[in-house]
Amino acid sequence: LVDVSENLRSGGRGRPVKVYGLSRLAQGDNLTKLTDEVLSEWLQALSPQDASEALDRVAGRLMGVEKPGALGPIARRLVQCIELLNTMHYKARWEARAQGPRMIIETCPYAGVITNHPELCLMDKKLLEKSLGGSVEQVAKLEKGLRNIPICIFEVIN
């Protein structure tokens, strides 16, 4: 929340004086409102089918995946997917279960606009499917988890 905003050099010896100020994050911006309005304008102009296809393309761009169908064992694909999600500010992890693995997302990077744009959950689903090369199903959306924080859960369908 705090950054060095300026380094002042004195004419003499010693360390420079550092001036601290609020970081860009702490100062805030209008990005949430802008994102909300842009999504509203863009998606209302599309049919449901076209919106789904557009969200699929956006998911591919976000993940850097041009072709679906990731290669390698599922455990490796899950680890790679989690690493990619976490670079995009998801706080994600996966769990192995008898019914199959599931992805747990503890931080929604779209929290500021998800209420007005639940279709972003569909984009997350598509994002996971592209990364894992298979089908996933969302089974929980912003429900209280074990640590009493809202989580989203996606089950990987074998």
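Everything here concerns the structure above.
### Thoughts on the pattern of salt bridges
Then comes step 1: Under the counting rule described, the total for this entry stands at eight salt bridges.
Then comes step 2: Glu37 is paired through a salt bridge with Lys33; the nearest N and O atoms lie 2.7 Å apart. On the criterion of helical spacing, the pair formed by Glu37 and Lys33 is a turn pair, its members being four residues apart in helix 2 (residues 31-44).
Then comes step 3: A relative accessible area of 42% places Glu37 in the partly exposed class.
Then comes step 4: The closest approach of N and O atoms between Asp56 and Lys130, which form a salt bridge, is 3.7 Å. Of the two residues, Asp56 sits in helix 3 (residues 48-63) while Lys130 sits in helix 5 (residues 119-132), which places them 74 residues apart along the sequence.

### Some thoughts on unusual backbone geometry
Then comes step 1: Its identity is not glycine, yet His89 carries a phi of approximately 75 degrees, on the positive side.
Then comes step 2: Residue His89 is classed as exposed on the basis of its relative accessible area of 62%.
Then comes step 3: The phi torsion at Leu142 lies on the positive side, around 50 degrees, for a residue other than glycine.
Then comes step 4: Structurally, Leu142 can be placed in strand 5 (residues 135-144).

### With respect to the packing of aromatic side chains
Aromatic rings considered in pairs are described by the distance between their centres and by the relative angle of their planes.
Then comes step 1: Under the defined criterion, the tally for this structure stands at one aromatic pair.
Then comes step 2: Seen from their ring centres, Tyr90 and Tyr110 are 6.1 Å apart, and the 80 degrees between their planes marks the pair as edge-to-face. In this pair, Tyr90 is assigned in the loop between helix 4 (74-87) and strand 3 (92-95) and Tyr110 in the loop between strand 4 (102-105) and helix 5, connecting sequence segments 20 residues apart.
Then comes step 3: Residue Tyr90 is classed as buried on the basis of its relative accessible area of 3%.

### Re the sheet that holds strand 3
Then comes step 1: Spatially, four strands are ordered 3-4-6-5 in an open sheet, and the strand pairing comes out antiparallel. Every interior strand has two partners, whereas the edge strands, strand 3 and strand 5, have only one. Taking each pair of neighbouring strands and ignoring which way they run, the sheet shows an average axis angle of 20 degrees.
Then comes step 2: Sheet topology places strand 5 next to strand 6 (residues 150-157); seven bridges connect them, and they run antiparallel. Each residue of the ladder has a partner; that of Lys144, found in strand 6, is Pro150.
Then comes step 3: Together, strand 3, strand 4 and strand 6 form the strand contacts of helix 4, whose direction differs from that of strand 3 by roughly 160 degrees.
Then comes step 4: Against the sheet, helix 5 touches strand 4, strand 5 and strand 6, its axis set at about 135 degrees to strand 5.

### Here we look at the side chain of His117
Then comes step 1: Tracing the backbone through its elements, the reader meets His117 in the loop between strand 4 and helix 5.
Then comes step 2: Of the polar contacts made by the side chain of His117, one reaches the side chain of Glu119; its length is 2.8 Å.
Then comes step 3: In this view, His117 contacts Asp36, Leu39, Ser40 and Leu43; residues no more than four positions away in its chain are not counted.

### Description of the state of the cysteines
Then comes step 1: Enumeration over the complete set of coordinates arrives at zero disulfides.
Then comes step 2: Cys81 takes part in no disulfide bond, and the closest cysteine sulfur, belonging to Cys152, lies 14 Å away.
Then comes step 3: Free cysteine Cys152: the closest other cysteine sulfur is in Cys121, separated by 5.5 Å.

### Points about the packing of helix 4 against helix 5
Then comes step 1: Following both chains from N to C, one finds helix 4 and helix 5 inclined at 135 degrees, their axes separated by 9 Å at the closest point. Taken together, the axes of helix 4 and helix 5 lie oblique to each other. Here helix 4 runs over helix 5; the crossing is right-handed. Where helix 4 abuts helix 5, its residues Arg77, Leu78, Cys81, Leu84 and Leu85 lie against Leu127, Leu128, Ser131 and Leu132.
Then comes step 2: Looking at the contact of helix 4 with helix 5, its residues break down into seven nonpolar, one polar and one charged.

What counts and what doesn't
- Residues numbered from 1 in each chain as written.
- Predicted model: local features only at pLDDT ≥ 70, side-chain atom pairs only at ≥ 80, totals over all residues.
- Heavy atoms only, no water.
- Salt bridge = Lys/Arg side-chain N within 4 Å of Asp/Glu carboxyl O.
- Helix = DSSP H or I, 4+ residues; strand = E, 2+ residues; numbered from the N terminus.
- Buried < 20%, exposed > 50% of the residue type's maximum accessible area, 1.4 Å probe, protein only.
- Phe/Tyr/Trp six-rings, centres within 6.5 Å; stacked < 30°, edge-to-face > 60°.
- Pairing = 2+ DSSP bridges.
- Axes fitted to C-alpha atoms, helices over the stretch in contact; angles between N-to-C directions.
- Contact = heavy atoms within 4.5 Å.
- Polar contact = N/O pair within 3.5 Å; in protein donor to acceptor, adjacent residues only side chain to side chain.
- Disulfide = S-S within 2.5 Å.
- Parallel < 35°, antiparallel > 145°, perpendicular 65-115°, else oblique.
- Left-handed = near helix turned anticlockwise from the far one by under 90°.
- Nonpolar A, V, L, I, M, F, W, Y, C, P; charged D, E, K, R; others polar.

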